[in-house]
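Chain by chain, the residues:
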Amino acid sequence: MAAAGTTPSAPAGLLGLGTLQLHRPATARQGLALAASLGLGLVGAELAWHHPLSGPLALAAWALMALLGAVFWVKTPVLVLAPLPLLGLAPWSGWISFEELDLLVTACGCGGYLAYALQLNARDRAPAWRHGLVYSPAVVLLLAALALSALWSVKRGFADAGGFQFGWFHGYHEAMNAVRNAKALFLVLALLPLWIAAAAARPRGFSRGLLLGLVAALAGGSAAALWDRAGFAALLDFSTDYRTTALFWEMHVGGNALDGFLVLTLPFALLALLRTRSPWRFAVGLVLALLAAYAVLTTFSRGVYLALPLALVPLVLLADAQRRRAAAPGRPLDPALGAVDEPLSPLGKLGALAMAGAFALAGALVFGGGGHRGLLALLCVMVVLLTMPASLWLPGLGQRVMALLMGGVLALLLGAASWALATAVPRAAYGLLAVALLCCVALRVRDVPGQARPVYVLLVTTAWFWLLGTMVIVADDWGGTVGRWSSLAAGLALAGLWAALLLEPRLWPLGGSAGPAAWRKRALLVAGLLLVMAIVAALGGGAYLRDRVATWKEDGHTRLVHWRESLGLLHGGRQWLLGKGSGRFVASNFYDGPEQSRIGDYRLRTDEGEAYLALTGGRHALRDGERFRVSQRIAAPAPGPLTVTLTSRTAVEADFLLEVCERHLLHADRCSSVRPHLAPQRAAGADDSAEDGAPPPDGPGAWQTAQFQLGPVPALGGPAGSSRFVTFSMALDTSGARVDISRIALRDGQGRQLLVNGDFNREMAHWFFSSDRLHLPWHIKNAALHVLFEQGLLGLALLGTAYGLALVRLAFGRGRDHPLAPAFVAALIGFGAVGAFDSLLDAPRIGFIFFTLLLLGLGLRALPGEGVARVA
């Protein structure tokens, strides 16, 4: 073991992880770890073997992940968090109660605990004062109370569902939904002792693994959002009613799972971007930030638009406070952290804010009249402004004033000549912009640092003012009179900004930038400009987004009514105190809620040993997009007619919808459908005197088999790798009707059978349900009310206490100097803001990330001398 106060030597052996060796468990903790490994291994292997797509393949993947968990047990957060947004196979598998998250956690836990118990890699253990994750006895009691409250809500959920009954494919009305809604907390608790050991063995390595896992998760989720949208809408089309869902299948009945994911992970990527000192890492981080910003914009969610500013302001303030504490005289610094950036002065911060605000205002004005071309010209103007050399401020104040005045006059002359040329020669505006930009670049190259050259200041000012004028010409060329006057107003505002910056050096936010890392401040400001430009383009160019923002008052009233009706489902003091039970909102709302909450549903039943699907239609108005669908993703059929063979029975006349579409979760395109009318048929031997068309008195009628032609369908599926999945769906088009389906088959013109498990003998394997637009009956639409409904006031008080304590610890307490504390605070605040408008915790993957951050935030602490992080 390394001596206290020393840095452990670099591990040798496999991948630098230490010498591979096995030891018997020597302590009680190692014995418990071995038992935990065996328990998680049994559960995980059983789940993997029953995976609906392929048990052997799932088991092999589970074993591989367990091996990785053993080898990289200190960095299991990377293994668990990084693939999380991509592991959502429910639309293919039909699993709801169980999912790939369960396999991932059990595999990493099994391998990690085994490695810890058997000491698979020889490691030095850090001294106690360098442990990165420590829980006080009071916090341990709080975590135990949280777990007991969640466990009690599961018990109450079973009771409300009619008693515990295990099922691999239970839906939202059945008993196993109690497990689905509560499991996120217990999955995190299952890994927490392993993470405590990892933070004790390699505290900084654990923090880096956590950061890498969250940033990689954001990259995967944002890329999935881009892939999703690229399949159905133009990437820059913000007017189409297409809201991104990425691979979060939990949004199949609405909800804001993607929003919650973005606000939980984006702060960590931005913190890494702020602190990285590697140019190539900064470039990668900037691309990721822009990709995540695009994902945020295409959610069209007002909640996430509100949450991110509320979250990112504390992120910047807390990161700045960390830098100031680290730079304080006499502060002991960990030598591994490197040099600390000098914080901006108050006037420097004011200048940076003025530049950002001026660009946002100018962007709105220019884009409104000059479109994307005017906005790109404005970006060129601002990038040149950010690269102004420090030597411009060396001449005296009088010389700089003369340079401004004379430069303005010369630029007016150049601008007038450019205007005349652009008027006479078509498309000359863009060439003039390029020439002015090249002049600015050439002057920047000719800078001589440290020399006061008033003529050089005059030339640079003239060239930049001229570039500003060519921006107005470009906007006029694109937008005409509107573009001319709006961009002229923007140009005058920016000219005034540059005058103020040149005359008052302390306003220049880059005045102290020197040395090898001087590029960072400029690069961060350029990144901010790019983000502002993306926001301006989305807000200014999207009719759908403007409509969403305009209807906030009406939607807010709808939410208030929904919350009041949802709380009315709690009856008696006991339910208010302890909750109605985990996973019981949908069923309670269905039976006790208003008529419009009685949505469609399905149940698996058996008749003489044969399984069948009982499908019901909602009692609300079944408008397009509001039907309850049961679907299956299929191989692309051959173009031409499709044949559906349906064996069904019904007690009442019902219209049935059968369709094949290109679909990704909630959005469908290029659909071909048929709407057969199903009528009840009396069973053989029934009383012939019964009135024609009346159902038999003892059941829903006899089974009848019919064939229907669907199509002809065009070539479906899109290019390889597209999000346009070919999907077969069936739904009832008659309010309140029920149809039992014992067999369904779909064949294309080549005779290929396209459906799997059409007889339902494998329960709901490969089948998946969705509700495209009717979402309120499925969610209470508020995270706090969701906890109140399931766990009562007691559970809400416990979770609220943990949430508040984590924020206080990380912002002001012992965890405030942890490298990732600002991002933790921002993520938790952002989650709370989005959670004000959506349940979030009824999506297990989102709940898992939230409880990971919450529980780690209650125990993280900074290492001695650690004032600012270089974990990026």
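Our subject is the structure that appears above.
Every chain begins its residue count from 1, and numbering advances along the sequence as written. Where totals are concerned, whole chains, interfaces and linings use all residues; where local detail is concerned, this predicted model gives features only for residues with pLDDT of at least 70, and gives and counts side-chain atom pairs only at 80 or more. Hydrogen atoms and water are omitted, and side-chain values are computed over all heavy atoms in the structure.

## A look at the overall build of the chain
Here's step 1: Secondary structure counts use DSSP, requiring at least four H or I residues in a row for a helix and at least two E residues in a row for a strand, with both numbered from the N terminus. Looking only at helices and strands, the chain has 23 helices and 11 strands in total.
Here's step 2: Taking all 872 residues of the chain together, the buried fraction comes to 56%.
Here's step 3: Note on definitions: a residue-residue contact is assigned when non-hydrogen atoms from the two residues lie within 4.5 Å. Sequence-distant contacts, at least 24 apart, represent 80% of the contacts inside the chain between residues at least 6 apart.
Here's step 4: Here the open area of atoms and residues is found with the Shrake-Rupley method and a 1.4 Å probe, where only the protein chains shown may cover a residue. Of the accessible surface of the chain, which amounts to about 35,000 Å², a share of 66% is contributed by carbon and sulfur atoms. Only protein chains enter the calculation, and the probe is 1.4 Å; a residue is then buried if its accessible area is under 20% of its type maximum, exposed if over 50%, and partly exposed in between.

## So, unusual backbone geometry
Here's step 1: A cis amide bond links G711 to the next residue, P712, at an omega of 10 degrees.
Here's step 2: With respect to the helices and strands, P712 occurs in strand 8 (residues 704-713).
Here's step 3: Phi is positive for R670, which is not a glycine, with a value near 55 degrees.
Here's step 4: Relative to the helices and strands, R670 resides in strand 6 (residues 667-674).
Here's step 5: Here the phi dihedral of H766 falls at roughly 75 degrees; this positive angle occurs in a residue that is not glycine.

## Here we look at the side chain of D842
Here's step 1: Structurally, D842 can be placed in the loop between helix 22 (821-835) and helix 23 (844-857).
Here's step 2: Under the convention used here, Asp and Glu are negative, Lys and Arg are positive, and both His and the chain ends fall outside the count. By definition here, a salt bridge exists when the distance from a side-chain nitrogen of Lys or Arg to a carboxyl oxygen of Asp or Glu is within 4 Å. There is no salt bridge for the buried D842, and the closest opposite charge comes from R180, which lies 5.5 Å off by N-O distance.

## Focus: the environment of V253
Here's step 1: Relative to the helices and strands, V253 resides in the loop between helix 8 (203-232) and helix 9 (257-275).
Here's step 2: Judged by its relative accessible area of 1%, V253 is buried.
Here's step 3: Between the alpha carbons of V253 and S770 there is a distance of 5.5 Å; along the sequence they are 517 residues apart.
Here's step 4: Ignoring any residue separated from it by four or fewer positions in sequence, one finds V253 in contact with Y172, F769, S771, H775, W778 and H779.

## Considerations on the packing of helix 7 (residues 177-201) against helix 23
Here's step 1: Working convention: axes come from line fits to C-alpha atoms, limited for helices to the stretch in contact. Angles between N-to-C directions cover 0 to 180 degrees. Contact pair helix 7 / helix 23: the axes reach a minimum separation of 8 Å and the direction vectors enclose 40 degrees. Of the possible angle classes, the one that applies to helix 7 and helix 23 is oblique. Note that helix 7 runs across helix 23; the crossing there is right-handed. Where helix 7 approaches helix 23, its residues R180, K183, A184, L185, L187, V188, L189, L191, L192 and W195 are matched on the opposing element by P844, G847, F848, F851, T852, L855 and L856.
Here's step 2: Partitioned by chemical class, the residues of the contact of helix 7 with helix 23 number 13 nonpolar, 2 polar and 2 charged. Angle categories are assigned with fixed cut-offs, so that under 35 degrees is roughly parallel, over 145 is roughly antiparallel, 65 to 115 is roughly perpendicular, and the rest are oblique. In this scheme the handedness of a crossing depends on how the near helix is turned from the far one: anticlockwise by less than a right angle means left-handed, clockwise means right-handed. When residues are sorted by character, Ala, Val, Leu, Ile, Met, Phe, Trp, Tyr, Cys and Pro go into the nonpolar class, Asp, Glu, Lys and Arg into the charged class, and all the rest, Gly among them, into the polar class.

## Section: the state of the cysteines
Here's step 1: Defined by distance alone, a disulfide is two cysteine sulfur atoms within 2.5 Å. Counted under the stated rule, the structure contains 1 disulfide.
Here's step 2: One disulfide bridge connects C661 with C671, the sulfur atoms lying 2.0 Å from each other. Since a negative S-S torsion denotes a left-handed disulfide, the C661-C671 link at about 120 degrees is right-handed. Taken together, the residues C661 in strand 5 (residues 654-664) and C671 in strand 6 connect sequence positions 10 residues apart.
Here's step 3: C671 sits in the partly exposed class, given a relative accessible area of 41%.
Here's step 4: In this model C108 remains outside any disulfide bridge; the closest cysteine sulfur is found in C110, 10.0 Å from its own.

## A few points about the pattern of salt bridges
Here's step 1: Tallied over the full model, the rule gives 28 salt bridges.
Here's step 2: Salt-bridge contacts for D447 lead to R444; the nearest nitrogen and oxygen are separated by 3.8 Å.
Here's step 3: Its salt-bridge partner being D772, residue R629 comes within 3.3 Å of it at the nearest N-O pair. Here D772 lies in the loop between strand 11 (768-771) and helix 21 (783-812) and R629 lies in strand 3 (residues 628-633), a separation of 143 residues in the sequence. Accessibility assignment for this pair places R629 and D772 in one class, buried.
Here's step 4: A cluster of three or more residues bridged by salt bridges with shared partners is formed by D607, R649, R738 and D740.

## A short note on the environment of T616
Here's step 1: Relative to the helices and strands, T616 is located in strand 2 (residues 610-616).
Here's step 2: Spatially, the C-alpha atoms of T616 and A737 are 5.7 Å apart, while their sequence positions differ by 121 residues.
Here's step 3: With residues up to four places along the chain from it excluded, the contact list for T616 reads G600, D601, F628, L732, A737 and R738.

## Topic: the packing of helix 22 against helix 23
Here's step 1: At their nearest, the axes of helix 22 and helix 23 sit 10 Å apart, and the two run at 135 degrees to each other. Our classification of the angle between helix 22 and helix 23 gives oblique. Of the two elements, helix 22 crosses helix 23, and the hand of that crossing is left-handed. Residues F824, A827, L828 and F831 of helix 22 pack against I846, F850, L853, L854, L856 and G857 of helix 23.

## Some words on helix 12 (residues 346-386)
Here's step 1: Taking 1.5 Å per residue as the helical rise, helix 12 with its 41 residues ought to reach 60 Å, whereas the 19 Å between its terminal C-alpha atoms falls clearly short.
Here's step 2: The angle between axes fitted to the seven-residue stretch ending at a residue and the seven-residue stretch beginning at it gives the bend at that residue. Of all the bends in helix 12, the greatest measures close to 140 degrees and is centred on G370. Multiplying 1.5 Å by the helix residue count minus one yields the expected span of that helix.

## A look at helix 22
An α-helix turns once every 3.6 residues. As a result, residues three or four positions apart point the same way.
Here's step 1: Here helix 22 is 15 residues long and its end C-alpha atoms lie 21 Å apart, about the 21 Å a rise of 1.5 Å per residue gives.
Here's step 2: In terms of burial, helix 22 is a largely internal element, 13 of the 15 residues being buried.

## Some remarks on the pairing of strand 5
Here's step 1: Burial within strand 5 is extensive, with 10 of its 11 residues counted as buried.
Here's step 2: Of the pairings in the sheet, the one linking strand 5 to strand 7 (residues 677-678) comprises 2 bridges and is antiparallel in character. Across the sheet, residue A654 finds its bridge partner in strand 7, namely L678.
Here's step 3: One requirement defines pairing of two strands: DSSP has to find at least two bridges between them. Judged from the 8 bridges that link them, strand 5 and strand 9 (residues 725-732) form a sheet pairing that is antiparallel. Pairing of L658 across the sheet is with M730, part of strand 9.
Here's step 4: The hairpin formed by strand 5 and strand 6 contains 2 residues between the paired strands, and L665 there has a positive phi angle of roughly 60 degrees.

## Some thoughts on the sheet that holds strand 1 (residues 601-607)
Here's step 1: With antiparallel pairing, 5 strands are arranged side by side in an open sheet as 1-2-10-4-8. Looking at the sheet topology across the chains shown, the edges are occupied by strand 1 and strand 8. Averaged over all pairs of adjacent strands, the angle between their axes in this sheet comes to 40 degrees, without regard to strand direction.
Here's step 2: One ladder, built from 8 bridges, connects strand 4 (residues 640-650) with strand 8; its direction is antiparallel. Opposite T645, over in strand 8, you have Q707 as the bridge partner.

## Topic: a nonpolar patch on the surface
Here's step 1: Patch construction takes residues with relative accessible area above 30% that form no salt bridge. Like charges are linked within 9 Å, and nonpolar side chains (Val, Leu, Ile, Met, Phe, Trp, Tyr) are linked within 5 Å. Side chains of L397, V401, M402, L405, M406 and L503 sit close together on the surface and give an oily, nonpolar patch of about 520 Å² of accessible area.
Here's step 2: The element contributing the most residues to the nonpolar patch is helix 13 (residues 397-424), with 5 residues.

## So, the side chain of H775
Here's step 1: Tracing the backbone shows H775 in the loop between strand 11 and helix 21.
Here's step 2: N or O atoms within 3.5 Å of each other form a polar contact, as long as, within protein, one can give a hydrogen and the other can take it, and as long as residues adjacent in sequence are counted only when both atoms are side-chain atoms. Among the polar contacts listed, one links the side chain of H775 to the backbone oxygen of S771, at a separation of 3.3 Å.
Here's step 3: Setting aside residues up to four positions removed in sequence, H775 forms contacts with V253, G254 and L666.

## Here's the deal with the nonpolar core
Here's step 1: Only buried residues count toward a nonpolar core, which is a set of Ala, Val, Leu, Ile, Met, Phe, Trp, Tyr and Cys residues joined through side-chain atoms within 4.5 Å. By size, the foremost hydrophobic cluster in this structure holds 232 residues, and its most contacted members are W498 and F848.
Here's step 2: Here this core takes 21 residues from helix 15 (residues 454-503), the largest share from any one element.
Here's step 3: Apart from the residues lying within four places of it in its own chain, the contact partners of W498 are L385, M388, L392, W393, L404, T461, W464 and F465.

## Details of the packing of aromatic side chains
Here's step 1: Here a pair means two rings of Phe, Tyr or Trp (six-membered ring of Trp) with centres within 6.5 Å. Their orientation is stacked below 30 degrees between planes, edge-to-face above 60, and tilted elsewhere. A complete count under the given rule lists 33 aromatic pairs for this structure.
Here's step 2: Aromatic side chains W464 and W498 sit 6.1 Å apart centroid to centroid with 50 degrees between the ring planes, which places their arrangement in the tilted category. Considered together, W464 and W498 belong to a single accessibility category, that of buried residues.
Here's step 3: Here the aromatic rings of Y602 and F769 are separated by 5.4 Å at their centres, their planes lie at 50 degrees, and the arrangement is tilted. Taken together, the positions of Y602 in strand 1 and F769 in strand 11 put the pair 167 residues apart, joining distant regions of the chain.
Here's step 4: Definition used: whenever NZ (Lys) or CZ (Arg) falls within 6 Å of the ring centre and also within 35 degrees of the ring normal, the charge is taken to sit over that ring. Lying across the ring of Y456, R453 places its NZ or CZ 4.4 Å from the centre.

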